[in-house]
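One-letter residues, chain by chain:
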Amino acid sequence: MPRVGLTTDRVVAAAADLADASGLEAVTVSALARHFGVKDASLYTHVRNLQDLRVRVALLAGGELIEEIAQAVAGRAGKEALAAFAGAYRAYALRHPGRYAATQIRVEQALVAGSPALRRTAEITYGMLRAYGLTEPDLTDAVRLLRATFHGYCALEAFGGFGAPRDVRVSWDRAVDALHVALENWPRADATEGGEGTRG
């Protein structure tokens with residue numbers, strides 16, 4: 001029997017908070033059981049296993065992240081949209097390190113297809129890039145470039161990987177400027193080379 005007051009949403013939210021406080025690797029079924037004052041078995045009525053729990057955190061975080069990005073880019077296009085997208089992405093990654101780490105988990109394609117948040121992520125990201133006149137396969141290549149740049153920068157910043165005295169925010173803004181120039185001058189690929197993905 002599920003413990004009264006304990007729901008899947010509460011379990012996942014607590015896991016997300018624990019990830020932010022202590023790191024994604026600290027998120028275990030046992031740790032959450034201790035948090036709620038129950039035995040591990042009580043949580044298995046809400047999540048199948050540790051992987052299921054972490055994937056649920058990933059989907060929760062992905063929804064939160066794209067909501068913040070959507071609000072930031074609303075009514076903007078071109079460089080303004082790119083800068084707003086990038087700023088919202090970086091702000092979320094720095095504010096919610098554990099949740100953000102979960103968004104990098106590889107999620108099964110069936111779950112991606114069934115997740116409104118991840119579908120919305122693809123719609124907003126590809127929509128922003130189409131404003132640069134990109135079509136497939138260039139769209140997927142551009143998404144991969146943005147994801148690699150944003151994630152690489154945020155991961156390095158979070159771990160104190162930038163040792164030079166220059167303000168990391170200034171370097172971030174310059175990187176966004178460079179991405180804008182790259183997108184405006186994108187080398188066009190043969191349309192037969194590939195197709196659109198959902199996560200890049």
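Residues numbered from 1 in each chain as written. Predicted model: local features only at pLDDT ≥ 70, side-chain atom pairs only at ≥ 80, totals over all residues. Heavy atoms only, no water.

Caption draft 1: Just the overall build of the protein, in detail. The helix and strand tally for the protein stands at 10 helices and 0 strands. Element order for the protein, N to C, with α for helix and β for strand: α-α-α-α-α-α-α-α-α-α. For the protein, the spread of C-alpha atoms along the three principal axes comes to 60 × 45 × 30 Å. At a minimum sequence separation of 6, the contacts of the protein that also span at least 24 residues come to 70%. Of the roughly 10600 Å² that the protein leaves accessible, carbon and sulfur atoms contribute 55%. Mean positive and mean negative side-chain charge positions of the protein (23 and 23 charges, respectively) differ by 6 Å. (Helix = DSSP H or I, 4+ residues; strand = E, 2+ residues; numbered from the N terminus. Contact = heavy atoms within 4.5 Å. Areas by Shrake-Rupley, 256 points an atom, 1.4 Å probe, with all protein chains shown as cover. Lys, Arg positive; Asp, Glu negative; His and termini not counted. Charge placed at Lys NZ, Arg CZ, Asp CG, Glu CD.)

Caption draft 2: Representation of the packing of helix H5 (residues 78-95) against helix H8 (residues 116-130) in the model. As a packed pair, H5 and H8 sit with axes 9 Å apart at the nearest point and diverge in direction by 145°. Helix-helix and strand crossings are classified by hand; for H5 and H8 the assignment is left-handed. On H8, the residues touching Ala81, Leu82 and Phe85 of H5 are Ile124, Thr125 and Met128. The class makeup of the residues in the contact of H5 with H8 is 5 nonpolar, 1 polar and no charged. (Axes fitted to C-alpha atoms, helices over the stretch in contact; angles between N-to-C directions. Left-handed = near helix turned anticlockwise from the far one by under 90°. Nonpolar A, V, L, I, M, F, W, Y, C, P; charged D, E, K, R; others polar.)

Caption draft 3: Quick peek at H5. Spanning 18 residues, H5 covers 26 Å between terminal C-alpha atoms, matching the ideal 26 Å at 1.5 Å per step. Residues of H5 that are buried include every one of Gly78, Ala81, Leu82, Ala84, Phe85, Ala86, Ala88, Tyr89, Arg90, Tyr92 and Ala93, and no others. Where H5 is buried, its residues touch helix H4 (50-73), helix H6 (97-102), H8, helix H9 (138-158) and helix H10 (168-184). (Expected span 1.5 Å × (residues − 1). Buried < 20%, exposed > 50% of the residue type's maximum accessible area, 1.4 Å probe, protein only.)

Caption draft 4: Here's a closer look at the packing of aromatic side chains. For the structure shown, the criterion picks out 6 aromatic pairs. Arranged with centres 5.5 Å apart and planes meeting at 75°, the rings of tyrosine 89 and tyrosine 100 form a pair that is edge-to-face. Here tyrosine 100 lies in helix H6 and tyrosine 89 lies in helix H5, a separation of 11 residues in the sequence. Seen in terms of ring centroids, tyrosine 89 and phenylalanine 150 are 5.4 Å apart; in terms of plane orientation they differ by 50°. Their pairing is tilted. (Phe/Tyr/Trp six-rings, centres within 6.5 Å; stacked < 30°, edge-to-face > 60°.)

Caption draft 5: Broad picture of helix H1 (residues 8-22). The end-to-end C-alpha separation of H1 is 21 Å, in line with the 21 Å expected for 15 residues at 1.5 Å each. Listed as buried for H1 are Val11, Val12, Ala14, Ala15, Ala16, Ala19 and Asp20. Next to the buried residues of H1 lie helix H2 (29-36), helix H3 (40-43), H4 and H6. Of the residues one or two after H1, glycine 23 is the one with positive phi, at around 100°.

Caption draft 6: Layout of the pattern of salt bridges. Applying the stated rule across the entire model yields 11 salt bridges. A salt bridge links glutamate 68 to arginine 95, with the nearest nitrogen and oxygen atoms 2.5 Å apart. Of this pair, glutamate 68 sits in helix H4 while arginine 95 sits in helix H5, and the two are 27 residues apart along the sequence. A network of salt bridges, in which partner residues are shared, links Asp17, Asp20, Glu64 and Arg99. (Salt bridge = Lys/Arg side-chain N within 4 Å of Asp/Glu carboxyl O.)

Caption draft 7: Just the packing of H4 against H8, in detail. Contact geometry for H4 and H8: axes closest at 9 Å, N-to-C directions at 35°. The interaxial crossing formed by H4 with H8 has left-handed handedness. Side by side, H4 and H8 meet where Leu59, Gly62, Gly63, Ile66, Glu67, Ile69, Ala70 and Val73 of the first sit next to Ala117, Leu118, Arg120, Thr121 and Ile124 of the second. Counted by class, the contact of H4 with H8 contains 8 nonpolar, 3 polar and 2 charged residues.

Caption draft 8: Expanded view of the environment of alanine 86. For alanine 86, the location among the structural elements is in helix H5. Placed 65 residues apart in sequence, alanine 86 and histidine 151 show a C-alpha to C-alpha distance of 10 Å. If we skip the residues at most four places from it in the chain, alanine 86 touches Phe150, Trp172 and Val176.

Caption draft 9: The arrangement of the nonpolar core in detail. Among the nonpolar cores identified, the biggest contains 36 residues, and Ile69, Leu82, Leu129, Phe150 and Leu183 are the most heavily contacted of them. Secondary-structure elements contributing two or more residues to this core are H4, H5, H8, H9 and H10. In terms of residues, this core owes the most to one element, H5, which gives 9 residues. Those residues in contact with leucine 183 that lie beyond four places of it in its chain are Leu82, Leu129, Tyr132, Leu134, Ala142 and Leu146. (Core = buried A, V, L, I, M, F, W, Y, C linked by side-chain atoms within 4.5 Å.)

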